[in-house]
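Each chain is listed here by its residues.
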Amino acid sequence: MVQRQLPRPDELFELLQFKKPELDGRKRRLSKALTIEDLRRIAKRRTPAAPFDYTDGSAEGEISLARARQAFQDVEFHPAILNDVSKVDTSTTIFGGPSALPFGIAPTGFTRMMQTEGEIAGAGAAGAAGIPFTLSTMGTCSIEAVKQANPNGRNWFQLYVMKERERSYGLVERAAAAGYDTLFFTVDTPVAGARLRDVRNGFSIPPQLTLGTVLNAIPRPWWWIDFLTTPTLEFASLSATGGTVAELINTMFDPTISFEDLATIRQMWPGKLVVKGVQTVEDAKKLTGHGVDGIILSNHGGRQLDRAPIPFHLLPEVVREVGADTEVTIDTGIMNGADIVASIAMGAKFTLIGRAYLYGLMAGGREGVDRAIQILADQVVRTMQLLQVGTIEELNPSHVTQLQRLGRRELPQGSSVGAHV
């Protein structure tokens, strides 16, 4: 028989302790976000469809992005046992300088369109976390403003080569003068990818108002208040501002970009030079003889060539071929700290996050970016502790198996065409 008694009031007060309500709406919603996907859901509620889809979407059927994310989900970890992981060191060195975490913020365009604080929020949050911030040529805050927002941190600049070369050279000179230490020479955008969500939404700078955009804005008045009461939205580094993403890229960027352009920028740039957008082992090998300090395996977040190679799958072979000669980093598809740990274990020196940071920005401005970084940092630490690895340097391929959903079918002997996926 269960013996029952009336509870004493003092015992009830000990058992029933009410949580103090959070009156700040931004803090309340961000505190409930436990994953980057949680931030994505908040961002979608708070952001008009056009800027949200510009961030969330990719090219054509969005197959490349889906495959990149699936590749990280298809990871099997192999933890050790009986190691002391009461303290974990997540710091690393990349491109000649320190980072408190094995990831930094990738370059993103149109950033103030997502949320009015834009690159300033990203740079400030990166500086506070001790990680690098990368400004895009298509950024909506100037090189100098980002430096002011992150005066003591590491700032990197991502360069597109434009038809009017002097514009590109001027940006290189400004970034060097402002103390940026690394330049990303981007090679995967000779023309614009077919970003169909943008076409359907009529996404452009400045935003074009239609009945659909007005109706979509009604439940999101805060975004429009910010948009209408803050400085005009435009590209800070470019003179041309009107049109869709594809129109701007195809008007300004040069499809004749070549190794000669790389050599010219190498001569101009005093810091570390990194080539972003490498997608084959052969190109990674070619670049080692061209004075570059690193490469970024990237398919531009799936936003250029759909069905492009999966960077995470390319990583082991590229590291095996060129890892002794150059620093190999990776982006595309990273949504969890475990993705970052897996990348480092498979040989990447560093990783970059794009959408993950932008979801935080749209969910809550600077505080949302801080939250995104904290979520990923906590996941990195927890994954390392559960693998029983105390430092970034200890991570190695024995900790990870890449499970493959997509096998490669070998062609008949003598065929001159590459293997089909």
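Residues numbered from 1 in each chain as written. Predicted model: local features only at pLDDT ≥ 70, side-chain atom pairs only at ≥ 80, totals over all residues. Heavy atoms only, no water.

Any chance you could break down the overall build of the protein chain for me, citing the residues and the numbers?
Across its full length, the protein chain holds 18 helices and 12 strands. Compactness check: the protein chain gives a C-alpha radius of gyration of 23 Å against a globular reference of 22 Å for 421 residues, within 12% of the reference. Along the three orthogonal principal directions, the C-alpha set of the protein chain runs to about 85 × 55 × 45 Å. Taken across its 421 residues, the protein chain has 51% of its residues classed as buried. Long-range pairs, those at least 24 residues apart, make up 76% of the contacts in the protein chain between residues at least 6 apart in sequence. Here the protein chain displays about 19,900 Å² of accessible surface, and carbon together with sulfur accounts for 54% of that area. (Helix = DSSP H or I, 4+ residues; strand = E, 2+ residues; numbered from the N terminus. Rg over C-alpha atoms; globule rule 2.2 N^0.38 Å. Buried < 20%, exposed > 50% of the residue type's maximum accessible area, 1.4 Å probe, protein only. Contact = heavy atoms within 4.5 Å. Areas by Shrake-Rupley, 256 points an atom, 1.4 Å probe, with all protein chains shown as cover.)

Mind laying out unusual backbone geometry, listing which residues take part and the relevant values?
A negative phi angle characterises most non-glycine residues, just as the trans form characterises most peptide bonds. Its identity as a non-glycine residue notwithstanding, H300 has a phi of 65 degrees, on the positive side. Relative to the assigned elements, H300 resides in the loop between strand 9 (294–297) and helix 16 (311–322). Look at T332: it is not a glycine, yet its phi comes out positive at around 90 degrees. Within the element layout of this structure, T332 appears in the loop between strand 10 (327–330) and helix 17 (337–345).

Residue-level account of the layout of surface pockets, with values.
Of the volumes computed, that of the second largest pocket is approximately 330 Å³. Along the wall of the second largest pocket there are 14 residues; nearest its centre are V187, F259, V275, D283 and L287. Those elements that place two or more of their residues in the lining of the second largest pocket are helix 14 (259–268), strand 8 (272–278) and helix 15 (281–287). By residue class, the composition of the lining of the second largest pocket is eight nonpolar, three polar and three charged. (1 Å grid on protein atoms, 1.4 Å probe; cavity = no way out; pocket = protein on both sides within 12 Å on 5 of 7 lines; lining within 4 Å. Points joined across faces, edges and corners; volume = space filled by probe spheres on them. Nonpolar A, V, L, I, M, F, W, Y, C, P; charged D, E, K, R; others polar.)

Can you lay out empty space enclosed by the protein for me, pointing to particular residues and giving the numbers?
What the rule picks out here adds up to four cavities of 30 Å³ or more. Around the largest cavity sit 31 residues that line it, and P107, T108, H300, R303 and G354 are the ones nearest its centre. At the level of elements, helix 4 (49–56), helix 13 (245–252), strand 11 (350–353) and helix 18 (355–387) are the ones that each hand at least two residues to the lining of the largest cavity. In terms of residue count, helix 18 provides more of the lining of the largest cavity than any other element does, three residues in total. Among the residues making up the lining of the largest cavity, the classes are represented as 15 nonpolar, 10 polar and six charged.

Explain a positive patch on the surface to me, using residue names and the numbers behind them.
A contiguous patch of positive charge, built from K19, R28, K32 and R45, is present on the exposed surface. Looking at R45, the relative accessible area reads 53%, which means it is exposed. (Patch = residues over 30% accessible without salt bridge, like charges linked within 9 Å, V, L, I, M, F, W, Y side chains within 5 Å. Salt bridge = Lys/Arg side-chain N within 4 Å of Asp/Glu carboxyl O. Lys, Arg positive; Asp, Glu negative; His and termini not counted. Charge placed at Lys NZ, Arg CZ, Asp CG, Glu CD.)

Could you give an account of the packing of helix 9 (residues 165–177) against helix 14, with specific residues and numbers?
Packing of helix 9 against helix 14 brings their axes to within 10 Å, and their N-to-C directions diverge by 30 degrees. Once helix 9 is placed against helix 14, the crossing between them reads as right-handed. Contacts between helix 9 and helix 14 involve R165, Y169, V172 and E173 from the former and D261, T264, I265 and M268 from the latter. A per-class count over the contact of helix 9 with helix 14 returns four nonpolar, one polar and three charged. (Axes fitted to C-alpha atoms, helices over the stretch in contact; angles between N-to-C directions. Left-handed = near helix turned anticlockwise from the far one by under 90°.)

Lay out the pattern of salt bridges with the relevant residues and their values.
Applying the stated rule across the entire model yields 20 salt bridges. Between R26 and E367 there is a salt bridge, with the nearest N and O atoms lying 3.9 Å from each other. Within this pair, whereas R26 is found in helix 2 (residues 25–31), its partner E367 is found in helix 18, the two being separated by 341 residues in sequence. The class for R26 is partly exposed, based on a relative accessible area of 26%. In this structure E367 comes out as partly exposed when scored by relative accessible area, which is 32%. Between R40 and E37 there is a salt bridge, with the nearest N and O atoms lying 3.4 Å from each other. In this pair, R40 and E37 are both assigned in helix 3 (residues 36–46), three residues apart and thus about one turn of the helix distant.

Read these as spatial facts, not as claims about activity.
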